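Chains, contacts and geometry: an overview
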Amino acid sequence: MAIQAPRGTRDVLPAESYRWQYLEEKMRKAAALAGYREVRTPVFEHTELFARGVGDTTDIVQKEMYTFNDKGNRSITLKPEGTAGAARCFLESNLYADALPCKMYYLNAPIFRYEAPQSGRLREHHQFGLECFGAQDATVDAELILLAYHLLEELGVKNLSVRINSIGCPNCRPSYHGALKDFLVSRLDGLCEDCKNRYERNPLRVLDCKKPGCKAQVKDAPSMLDYLCEECRDHFAQLKACLQSEGIPFAVDSRIVRGLDYYTKTVFELVTETDGGALTVCGGGRYDHLVAQLGGPDLPAVGFGMGIERVLMLLDSEGIEIPKPDQYEVFVTYMKDNRAEAFALVQALRRQGIRADMDHCSRSLKAQFKYANKTGARFAATIGEEEARTGTVRVKDMGSGEERTVALAEAGDTIRKMRKEAE
RNA sequence: GUGGGUAUAGCGUAGUUGGUUAACGCGUCAGAUUGUGGCUCUGAAGAUCGUGGGUUCGAGUCCCACUACUCACCCCA
C-alpha cells in the first residue's frame, strides 16, 4: 500500500462532495436568516489561547491537542474547537467597539483532536458553529437552540432531543462546588481514579462519569439547579419560557456538564438515538467570561458547534437522501473525424451555461453513449459526417429516446425546449 | 491511552485439516458486421493475499511484531 491518509482523517471524494455542499447551503441560509455572518479564522492558534480559553484541566487541552513548536519556536496548536478562535478574533479586531451583539458563524471549520478514531469520531472533523458576543438575554440562547433544532429538522433528522442545563456563574458555582465536594468526600473510595482526580480539579465532571460505580455514587448528588443565584435562575427560566413558547420539545438534564471550562449558565446538547446509541450532533452554551479571560472586556456570549460528519451520519442512518446533481446535462458524442466540431459545440454549450462534455479518450461512438448514460447526462448531442456537412447536430433525450436534428446554433435552445416539453 | 474483532484485484466476498497456475459477483475496458446508451451474451485487464519477521520440504491458511480499519471504555461535534 502506498501512502495513506493519516489516521483519523477522511477524504471527501468528488462523487460525494455534493452532500457537503447541500449542508453548507442550508447552514449558510439558516445562519444568515438570524443575522449571523461568516467569520474565517486560522486553522492553528497559539497554544496558550486554548490553555487559557478552553481550560487546562480539560481532557481536550490535557491530552487531545495537536501541539507542536514551529520554526520560530512558538507553541502552536491545531484548533481543537471553534469558540476560542472566534473569541480571539472578536477581541483582536476590537469588534466589541461596534454595535453589539456581534453575530458570527463558521462553516466547515476543520477541528483537530488527537483521540482514538471511532464511528462518528475522527481526528480531523468539521464544524458549523455560531457565536453571539455582547448579549446577555436568554433570548439569544433560545434562538441558537431553535436555529440548530430547525436546521436539523429541515434536513429530515428525526428522534431529535434537546437537553438543556444551567451550570451557574462564578457567583453561585462556588457554593455548589462546595456542596458537591461535601457530598463526594465521603464517597471518594467508591470513585474511579479519574474521578478522584476530578474531585480535586473539577468536581462537576464527576457527575459526567460513565462508569457504573461512579454513576451509583453520584446518583443522589446535589443538583446545580438548586444552587443557582437569582440571576442565573431567572436566566434559565427565561430560556425555558422561550423554548416552550416556540413549542419545541426539550428536557432539563442536570448532568450535562460539557468538557470545556469556559461555559457559564446555559449549556445544551442536541442528541439523537442511533443503532450505536446516543449521538450528540450539536453542543454549546453560554460563555460569559471567556472574552475577559482572554484579556478583553467582560462581555457575555453564547454559541454552539455542530459536527458536519455527524450530521451526515445521521442522514445516512435515517435513510435521508440528498438530491444528487448529474455531472452533465449534455454529452456530445461524435465520429472520430468530427472531433473539432464536437469540441466547438461543447464550448458553445458551456458558454450558454449548460453543463456539457465530450469523450476525451478516443472511444467508439457506442462507448461514448455508454459513458453518457453512466454520467447521468440527460441528453446526447451527436455529430457525425452527415451532421458536420449540413451544420447540424442530432439531439437525443436519453430518457425517452426521442431524437431531433437541428442546426448547430440551436442545440442549446433545443435541449431547453425538449426538457420543458418532457415535464 | 486501555481492551476485543478484522485485514485476499477499485468495491463486496470464497478459499475446505497448511500442498502446485488464488476463485466468484459488481465495477472497469473491449467485442456481438459497418453512426447510438440502459437488458443480454462473450472476452480481457487487474492481487508480490495490509507490512515485516518466524515455524515448515511447502503459508492466503499457523506464530510474533508493526500499521490501518472497526467496536467498547475515556472524551466530545
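Residues numbered from 1 in each chain as written. Chains lettered and ligands numbered in written order. Predicted model: local features only at pLDDT ≥ 70, side-chain atom pairs only at ≥ 80, totals over all residues. Heavy atoms only, no water.

What about the overall build of chain A?
Summing up its helical and strand segments, chain A has 15 helices and 16 strands in all. On C-alpha atoms alone, chain A measures out to a radius of gyration of 28 Å, which is more than a quarter above the 22 Å that the 2.2 N^0.38 rule sets for 423 residues. The principal-axis extents of the C-alpha atoms in chain A amount to approximately 95 × 50 × 45 Å. Evaluated residue by residue, chain A yields a buried proportion of 48% over its 423 residues. In chain A, the proportion of contacts linking residues at least 24 apart, taken out of those at least 6 apart, comes to 68%. Taken together, the 57 basic and 61 acidic charged side chains of chain A have centroids lying 4 Å from each other. (Helix = DSSP H or I, 4+ residues; strand = E, 2+ residues; numbered from the N terminus. Rg over C-alpha atoms; globule rule 2.2 N^0.38 Å. Buried < 20%, exposed > 50% of the residue type's maximum accessible area, 1.4 Å probe, protein only. Contact = heavy atoms within 4.5 Å. Lys, Arg positive; Asp, Glu negative; His and termini not counted. Charge placed at Lys NZ, Arg CZ, Asp CG, Glu CD.)

Side note on the sheet that holds strand S5 (residues 102-112)
The strands that make up a sheet pair up through hydrogen bonds in the backbone, lying either parallel or antiparallel. Taken in spatial order, the eight strands of this open sheet run S1-S5-S6-S11-S10-S9-S7-S8, and their pairing is mixed. Each edge of the open sheet is held by one strand with a lone partner, namely strand S1 (37-38) and strand S8 (250-252). Note: S5 against strand S6 (residues 124-133), nine bridges, orientation antiparallel. Bridging from a neighbouring strand, Tyr 106 pairs with Gly 129 of S6. Helix H9 (residues 230-245) rests against strand S7 (160-166), S8, strand S9 (264-274) and strand S10 (277-286) of the sheet, and its axis sits at about 160° to S7. (Pairing = 2+ DSSP bridges. Axes fitted to C-alpha atoms, helices over the stretch in contact; angles between N-to-C directions.)

Things to note about the sheet that holds strand S13 (residues 356-358)
Strand order in the open sheet formed by five strands is S13-S12-S14-S15-S16, with mixed pairing between adjacent strands. The open sheet has two free edges, formed respectively by S13 and strand S16 (403-407), since each of these has just one partner strand. Ignoring which end each strand starts from, the neighbouring axes of this sheet average 25° apart. With respect to the sheet, helix H13 (residues 365-374) is in contact with strand S12 (330-334), strand S14 (379-383) and strand S15 (392-397), its orientation differing from that of S12 by roughly 175°.

Examining the packing of helix H1 (residues 17-33) against helix H11 (residues 308-317)
Helix-helix packing is characterised by the crossing angle of the two axes and by the distance between the axes. In contact at an axis separation of 11 Å, H1 and H11 are set at 110° when each is read in the N-to-C sense. Compared by their axis directions, H1 and H11 come out roughly perpendicular. Only Ile 308, Glu 309, Val 311, Leu 312, Leu 315 and Asp 316 of H11 make contact with H1, whose side of the interface consists of Arg 19, Trp 20, Leu 23 and Met 27. Looking at the contact of H1 with H11 residue by residue, the classes come out as seven nonpolar, no polar and three charged. (Parallel < 35°, antiparallel > 145°, perpendicular 65-115°, else oblique. Nonpolar A, V, L, I, M, F, W, Y, C, P; charged D, E, K, R; others polar.)

Concerning the pairing of S5
With respect to burial, S5 is a largely interior element, nine of its 11 residues being buried. Across two bridges, S1 lies against S5 in parallel orientation. Across the sheet, the residue bridging to Glu 38 is Tyr 105, located in S5.

What to know about the side chain of Arg 123
As for its position among the elements, Arg 123 is in the loop between S5 and S6. Although Arg 123 is buried, it makes no salt bridge; Glu 115 carries the closest opposite charge, 7.9 Å away. Polar contacts involving the side chain of Arg 123 include one to the main-chain carbonyl oxygen of Glu 115, which spans 2.8 Å. Arg 123 has contacts with Arg 7, Gly 8, Tyr 66, Ile 111, Phe 112, Arg 113, Tyr 114, Glu 115 and Pro 117, leaving out every residue within four places of it along the chain. (Salt bridge = Lys/Arg side-chain N within 4 Å of Asp/Glu carboxyl O. Polar contact = N/O pair within 3.5 Å; in protein donor to acceptor, adjacent residues only side chain to side chain.)

Thoughts on the domain arrangement of chain A
One can read the domain layout of chain A as domain 1 (17-172 + 228-317), domain 2 (177-220) and domain 3 (330-422). One C-alpha centre belongs to domain 1, the other to domain 3; they are set 49 Å apart. (Domains from an automatic or database assignment.)

A word on the side chain of Asp 357
By the secondary structure assignment, Asp 357 is in strand S13. One polar contact links Asp 357 to Arg 350, side chain to side chain, over a distance of 3.3 Å. In this structure the side chain of Asp 357 is engaged in a polar contact, spanning 2.8 Å, whose partner is the side chain of His 360. Those residues within four positions of Asp 357 in sequence are excluded, and the remaining contacts are Tyr 328, Val 330, Phe 331, Val 332, Val 346 and Arg 350.

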